[in-house]
Amino acid sequence: MNFSEVFKQSNQLCKVSPDGKYLATCVQYRLVVRDMSTLQILQLYTCLDQISHMDWSSDSLFILCAMYKRGLVQVWSLEQPDWHCKIDEGSIGLLSSRWSPDGRHILNTTEFHLRITVWSLCTKAVSYIKYPKACQKGIDFSRDGCYMALAERRDCKDYVSVFVCDDWHLLRHFETETQDLGGLEWSPNGCVLAVWDSCLEYKVLLYSLDGRLLSTYSAYEWSLGVKTVTWSPSSQFLAIGSYDEKVRVLNHITWKKITQFEHPATINNTKAVVYKEVERRPAVGADDLSLHNITIGTTLFNTQSKYEICPPPVQIPVVKPDPDRANPKIGVSTLAFSSDSRYLATKNGGFQVQSLNWHCSGDSLILLGKEQLCLCYMDTDQEDK
Amino acid sequence: MPESSLEDKDICSSSECRTPPLRQFSQSSLPLHRKSYMLSTFCTEQNVQECQSHINQEVSSLGLQPVWTESGSSSEMNVVAVLNCMYDLIQMHRRGLRSLENMEVEQLKSSGNVDYLQLTSTRLKEQLELSKRENTGLLERERQLQLKVKSLQNCLKNEKEEVQKLQNIIASRASQYNHEMKRKEREFNKLKERLNQLLIDKKEKKQAIDVLNNIGRADGKRSLWKTEKTEAKHEAEMYKALLSDYDTRQRELLLENAELNKVLQQMKKDMVSILSSKKPILKGDKYQDDGAQADSEDEEEVFDSSKESVELYCVHAREKLTNSIRLQWRRLKSHVERLDSQETHKEEMDRLKLEIQQCKDFIQTQQQLLQQQLSSPCDEETASLLSDCYMLQEKERLGDEWKTLEEQRTIFERERRNFTEAAIRLSHERKAFEEDRATWLKHQFLNLSPFPDSKKPPMSKSKSAFLISETKASATSAPEKLIRCPSGTNLPTPGCVPHTSSTADLYRTLCLIPENGATKPKRKSDHAEESGVFFNGKAPVRHKQWNDSEEHSSHTKEQNSSI
């Protein structure tokens with residue numbers, strides 16, 4: 001693997017354009033756009049304040065830079081570097097900013113979730129959406145970009161509004177049977193909306209596109225409930241990861257659980273293959289640590305690691321989190337289906353894995369940790385259905 | 001012991017006289033207790049000495065002073081000694097009686113004690129039994145109570161665990177609530193601050209967007225006004241999306257359903273075939289089962305054939321299928337269980353194992369041989385020779401067959417050629433024959449002229465001479481007409497057939513011809529006569545009906561045969 005030189009960035013704001021041609025990074029208040037293949041700087045934009053959030057539009061023509069402290073959003077164009085756009089939310093403040101799927105509207109969530117302002121770059125028109133809910137995932141756009149589902153809370157009741165992204169026309173508005181809506185997500189085919197409750201209650205509701213309640217699923221009561229929900233790319237399965245360290249998979253025909261995956265602390269299953277990273281540090285005697293040796297032998301600090309297969313039973317090191325703290329670091333926090341819906345990668349517990357991402361071919365998985373990354377390749381020859 | 005013998009003798013000698021006293025003595029042992037007296041006839045005047053010595057002995061044996069000392073002087077007894085002796089004896093006797101009494105008393109006492117002890121022992125035994133029973137009962141109860149205690153302890157433990165779990169849940173929920181509360185409070189405070197700030201702040205920063213120029217829409221189209229139509233369109237699009245999704249899903253489910261149905265049908269067929277093939281093997285005691293099976297299977301088979309091509313849409317059909325599958329499966333299961341439990345099972349297994357082993361060995365040897373073959377180094381000649389050695393016989397046979405085939409083919413060719421030649425020849429001959437016949441007939445006809453001595457007209461001229469249609473018109477101009485008749489046809493066409501009434505005559509005439517083959521000229525003359533009659537007379541013209549194609553053809557046939 002070859003690595004390029006190191007570029008500066010701030011706030012972990014570094015994104016590749018959707019068409020894969022450009023790379024945008026933020027350094028303090030500057031936005032740097034590079035060509036993906038040569039890494040040459042193509043454009044350099046300057047914003048009015050330190051950039052808190054940066055995002056590409058879906059057609060890779062525009063980049064939005066949000067400065068939450070100042071309540072400003074600036075939009076830059078790649079085609080016309082002279083073009084500028086500045087959105088000032090004024091005294092109402094800015095909490096988050098995002099693009100609409102068509103890449104021509106910007107949705108700003110104001111402070112205290114007072115409202116969502118929809119700014120149109122085509123017509124300079126403004127629309128307001130009242131009472132958005134402050135939750136884990138309150139907005140979701142359907143994959144084809146036609147519809148937007150928004151969680152609302154009025155009079156201590158949860159509602160979901162479905163908007164048509166074309167002209168922000170309110171298509172449906174219905175109440176949900178949740179105590180405290182935690183999040184919502186469209187299925188990849190855009191026909192089913194999964195809505196789940198906060199962690200205090202395990203409840204997953206499935207609504208069809210026109211607002212009818214299709215099904216309710218609740219695995220247990222009282223204990224902390226749903227932590228994360230993911231659809232499979234074929235819309236056939238819905239995987240629910242919960243605080244009881246189990247993943248339950250529902251099927252799209254009956255919306256009943258078809259299988260359940262557990263994450264026991266001791267792996268006894270003979271079919272499971274456990275890879276353990278073993279670090280090999282070259283043994284260094286104390287008297288060898290002279291300056292001479294250190295400057296010459298860089299291998300001193302390179303730790304080689306390799307993976308060896310551990311025979312079952314394997315004990316996984318588990319750190320018991322403090323039960324008195326809220327949002328404990330137990331339970332399944334990340335789920336990722338491979339693109340052909342064959343595999344499901346899960347992360348349970350407090351492991352330092354930031355994200356799991358599958359390659360689009362569905363054969364390899366990248367695990368990103370805080371300081372390390374790991375690529376896992378699936379052996380397709382040994383695969384059995 | 002002389003003394004004893006003496007005693008015995010004495011006793012014996014004086015037994016006669018003494019037995020009564022002894023008897024009396026013994027008898028009077030009791031009465032002695034009752035203080036009765038008795039007369040002793042032990043001593044008489046005769047045996048005083050003996051009695052004395054005897055008594056002396058007796059007394060000395062008892063430990064008393066001798067009564068009488070042997071002083072031969074006088075036989076007078078020492079009265080004092082005797083009285084003392086008597087007194088001692090009486091005392092002794094009294095003592096004896098007393099001790100006897102005591103002993104009797106003692107005995108009574110002890111027997112009483114024994115009885116009492118027996119009674120107490122039986123009572124105690126009963127008590128012991130009772131208490132043992134009680135003990136076992138108590139032990140049993142104790143055991144049960146212990147079990148109960150254990151189960152209650154378990155329950156208690158479970159309850160405690162559950163309580164603990166619930167407490168944990170409550171604790172986590174409480175911490176979650178607190179966290180949320182704090183968050184909300186913080187937000188609330190921020191809101192309050194912001195509100196204060198806004199109230200204080202004079203200048204209000206308004207929201208605004210500052211764009212250099214409007215950019216076009218992503219899809220390039222112009223945006224539409226929000227009207228009812230657009231709303232309806234959106235609704236329609238939404239429903240379309242939903243419907244298409246349901247459609248695809250339904251199609252998938254249909255396919256899956258069809259697949260599963262097929263599989264079920266296949267399974268059912270297989271099971272039925274298996275069970276029906278096993279039926280003859282089944283023993284007679286299972287006949288009842290079979291009978292029932294046969295009926296329902298017949299039913300099902302009928303059902304199958306009728307529904308085979310029709311998909312099972314209706315609920316009843318589906319239910320029938322699933323029920324029948326279940327039934328078959330149950331039968332198959334019971335059958336397999338029966339098979340398993342049969343005694344021949346083991347033998348079968350062994351036999352099969354042996355067979356398998358043999359087959360394996362066979363395969364092994366085959367493989368080895370094959371390996372040898374493949375690996376054996378052979379030179380090119382042998383290789384080329386052996387390259388197709390396996391198929392040699394077949395190839396030779398094939399070659400032979402090809403050869404025979406080729407021969408046959410040539411024969412066929414030859415024959416075909418011959419046939420074609422023959423056919424050609426035949427056609428030629430026929431043509432020639434036809435021509436011949438035509439000429440002959442023409443000749444004949446022409447020879448039927450009214451002028452019998454006239455020359456025979458040339459053959460070539462009168463192809464058309466057959467056509468008598470001209471004769472129909474006028475008898476006189478017959479010859480010219482005959483000539484003038486359209487030529488080109490060997491055989492007179494039916495269209496030119498004149499309708500005459502002289503068919504019989506003509507027929508007769510023509511019929512005569514085949515009969516008398518040798519008398520051709522005569523016939524000719526006959527013909528001529530006839531024709532003479534024909535052409536001459538003002539009499540009704542009798543045309544020869546011989547243009548009737550059928551008759552003509554038959555005649556020609558007859559003539560052919562004659563020729």
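Reading the values: the criteria
- The residue numbering used here restarts from 1 in each chain and proceeds along that chain's sequence as written.
- Chain letters and ligand numbers both follow the written order, the letters beginning at A and the numbers at 1.
- Local features in this predicted model are restricted to residues whose pLDDT is 70 or higher, and side-chain atom pairs enter the listing and the counts only when it is 80 or higher, whereas totals over whole chains, interfaces and linings include all residues.
- Note that the side-chain values use all heavy atoms of the structure and ignore hydrogens as well as water.
- Only DSSP runs of H or I reaching four residues or more are called helices, and only runs of E reaching two or more are called strands; each is numbered from the N terminus.
- To sort residues, take the accessible area from a 1.4 Å probe on protein chains only and compare it with the maximum for the residue type: under 20% means buried, over 50% means exposed, and anything in between is partly exposed.
- Residue contacts follow a heavy-atom distance rule, with two residues in contact if any of their heavy atoms lie within 4.5 Å.
- Every accessible area reported is derived by Shrake-Rupley at a probe size of 1.4 Å, with residue values counting cover from the shown protein chains alone.
- Between 30 and 60 degrees the pair is tilted, below 30 it is stacked and above 60 it is edge-to-face, where a pair is any two Phe, Tyr or Trp rings, Trp via its six-membered ring, whose centres lie within 6.5 Å.
- Working rule: Lys NZ or Arg CZ, within 6 Å of ring centre, within 35 degrees of ring normal, means a charge sits over the ring.
- Every patch collects residues that have over 30% relative accessible area and no salt bridge, joining them within 9 Å if they carry like charges and within 5 Å if they are nonpolar side chains (Val, Leu, Ile, Met, Phe, Trp, Tyr).
- Put simply, a salt bridge is a Lys or Arg side-chain nitrogen that is within 4 Å of an Asp or Glu carboxyl oxygen.
- What is meant by a nonpolar core is a set of buried Ala, Val, Leu, Ile, Met, Phe, Trp, Tyr and Cys residues, joined one to another through side-chain atoms within 4.5 Å.
- Axes here mean lines fitted to C-alpha atoms, for a helix over just the part in contact, with angles spanning 0 to 180 degrees between N-to-C directions.
- Throughout, the term roughly parallel applies to angles under 35 degrees, roughly antiparallel to angles over 145, roughly perpendicular to angles from 65 to 115, and oblique to all others.
- The crossing is said to be left-handed when, going from far helix to near helix, the turn is anticlockwise and less than a right angle, and right-handed when the turn is clockwise.
- Gly is put with the polar residues, along with every residue not named as nonpolar or charged; the nonpolar set is Ala, Val, Leu, Ile, Met, Phe, Trp, Tyr, Cys and Pro, and the charged set is Asp, Glu, Lys and Arg.
- The quantity reported as buried area is the accessible area (1.4 Å probe) lost by two parts once they are put together, taken as the sum for both.
- For the purposes of these results, a polar contact is taken to be a pair of N or O atoms within 3.5 Å, where, inside protein, one atom must be able to donate a hydrogen and its partner to accept one; residues adjacent in sequence count only when each atom of the pair is a side-chain atom.
- Multiplying one less than the number of residues by 1.5 Å gives the expected span of a helix.
- Any two strands are treated as partners once DSSP identifies two or more bridges connecting them.

The name recorded for chain A in an unreviewed UniProt entry is WD repeat containing, antisense to TP73, from Sparus aurata.

## Section: the overall build of chain A
Helix and strand counts for chain A come out as one helix and 33 strands. Across the 385 residues that make up chain A, the buried fraction comes to 46%. Considering only residue pairs separated by 6 or more positions, chain A has 36% of its internal contacts joining residues 24 or more positions apart. Summing over all exposed atoms, chain A offers an accessible surface of approximately 20200 Å²; the carbon and sulfur share of this is 50%.

## Digging into the overall build of chain B
If you tally the helices and strands in chain B, you get 16 helices and one strand. Relative to its 563 residues, chain B shows a buried fraction of 21%. Intrachain contacts of chain B at a sequence separation of at least 6 include 59% that bridge at least 24 residues. If you sum the accessible surface of chain B, you get close to 43500 Å²; carbon and sulfur atoms cover 57% of it.

## Some remarks on the packing of aromatic side chains
Overall, the coordinates contain nine aromatic pairs over all chains when judged by the stated rule. Sitting over the ring of Phe 7 of chain A, Arg 34 of chain A keeps its end group 3.7 Å from the ring centre.

## Re a nonpolar patch on the surface
Residue and element names in this part refer to chain A. Together, Leu 368, Leu 373, Leu 375 and Tyr 377 make up an exposed nonpolar region whose accessible area comes to about 400 Å². Among the elements that take part in the nonpolar patch, strand S33 (residues 373–377) stands out by supplying three residues, more than any other. Within the element layout of this structure, Leu 375 appears in strand S33.

## Details of the nonpolar core
Residue and element names in this part refer to chain A. Counting 34 residues, the largest nonpolar core has Tyr 147, Val 160, Leu 193, Val 195, Leu 206, Leu 238 and Ile 240 as its most contacted members. Top contributing element to this core by residue count: strand S18 (residues 192–197), with five residues. Look past the residues within four positions of Val 195 in its chain and what remains in contact with it is Val 160, Thr 176, Thr 178, Leu 181, Gly 183, Leu 184, Lys 203, Val 204, Leu 205 and Tyr 207.

## Some remarks on the packing of helix H6 (residues 228–278) of chain B against helix H8 (residues 315–341) of chain B
For any two helices packed against each other, one specifies the inter-axial angle together with the distance between the axes. Residue and element names in this part refer to chain B. At a minimum axis distance of 10 Å, the contact between H6 and H8 shows a crossing angle of 40 degrees. Between H6 and H8, the crossing angle belongs to the class labelled oblique. For the crossing formed where H6 meets H8, the hand is left-handed. On the side of H6, the interface is formed by Asn 261, Leu 264, Gln 265, Lys 268, Met 271, Val 272, Ile 274, Leu 275 and Lys 278, while H8 contributes Leu 321, Ser 324, Ile 325, Gln 328, Trp 329, Arg 331, Leu 332, His 335 and Leu 339. Taken together, the residues of the contact of H6 with H8 break down into 10 nonpolar, five polar and three charged.

## Concerning the pattern of salt bridges
Where charged atoms of side chains with opposite charge meet at close range, the side chains can pair. All names here are of chain A. This model, assessed by the stated rule, comprises 23 salt bridges over all chains. With its nearest N and O atoms 3.2 Å apart, the salt bridge here joins Asp 210 to Arg 212. The exposure class of Asp 210 is buried, given its relative accessible area of 13%. Using a relative accessible area of 39% as the deciding quantity, one classes Arg 212 as partly exposed. One connected set of salt bridges, linked through shared partners, spans Lys 133, Arg 153, Asp 158 and Asp 180.

## Considerations on the interface of chain A and chain B
Listed as interface residues are 53 residues of chain A and, on the opposing side, 41 residues of chain B. In total, chain A and chain B occlude about 4600 Å² of area from one another, counting both sides; carbon and sulfur atoms represent 55% of this. For the chain A face of the interface with chain B, the top three residues by lost area are Ser 91, Phe 112 and Leu 200 of chain A, together amounting to 15%. Across the pair Glu 235 of chain B and Arg 172 of chain A runs a salt bridge, and its minimum N-O distance is 2.7 Å. At the boundary of chain A with chain B, the tally comes to 14 residue pairs in polar contact (both at pLDDT 80 or more).

## Quick look at H6 of chain B
With 51 residues, H6 of chain B extends 73 Å between its outermost C-alpha atoms, agreeing within 8% with the 75 Å of an ideal straight helix rising 1.5 Å per residue. Those residues of H6 of chain B lying buried are Thr 230, His 234, Met 238, Leu 242, Asp 245, Arg 249, Asn 261, Gln 265, Lys 268, Met 271, Val 272 and Leu 275 of chain B.

## Some words on the sheet that holds strand S31 (residues 353–358) of chain A
Residue and element names in this part refer to chain A. The antiparallel open sheet is built from three strands, whose spatial order is S31-S32-S33. What marks the edges here is a single partner per strand, and that holds for S31 and S33. Taking the axes of each pair of neighbouring strands and ignoring which way they run, one obtains an average angle of 15 degrees across the sheet. Pairing analysis gives five bridges linking S31 to strand S32 (residues 364–369), with the strands arranged antiparallel. Following the sheet pairing, Leu 356 is matched in S32 by Leu 367.

## Structural notes on the pairing of strand S1 (residues 208–211) of chain B
On S1 of chain B, burial follows the alternation: Ile 209 and Val 211 of chain B on one face are buried, whereas Ala 208 and Asp 210 of chain B on the facing-out side are not. Where strand S8 (residues 84–88) of chain A lies against S1 of chain B, four bridges are found, and the strand directions are antiparallel. The partner of Asp 88 of chain A across the bridge, within S1 of chain B, is Ala 208 of chain B.

## Quick notes on the environment of Cys 26 of chain A
Residues and elements named next belong to chain A. In this fold, Cys 26 is placed in strand S2 (residues 22–27). Residues Cys 26 and Leu 13, spaced 13 residues apart in sequence, show a C-alpha to C-alpha distance of 5.6 Å. Beyond its immediate sequence surroundings of up to four residues, Cys 26 is in contact with Gln 9, Ser 10, Leu 13, Leu 31, Ile 51 and Met 54.

## Points about the sheet that holds strand S9 (residues 96–99) of chain A
Residue and element names in this part refer to chain A. Read across the sheet, four strands follow the order S9-S10-S11-S12 without closing on themselves; strand pairing throughout is antiparallel. Strands at the two margins of the open sheet, each flanked by one partner only, are S9 and strand S12 (126–130). Averaged over all pairs of adjacent strands, the angle between their axes in this sheet comes to 20 degrees, without regard to strand direction. Where strand S10 (residues 105–109) and strand S11 (residues 115–120) come together, five bridges link them in antiparallel fashion. Residue pairing in the sheet places Asn 108 in a bridge with Thr 117 of S11.

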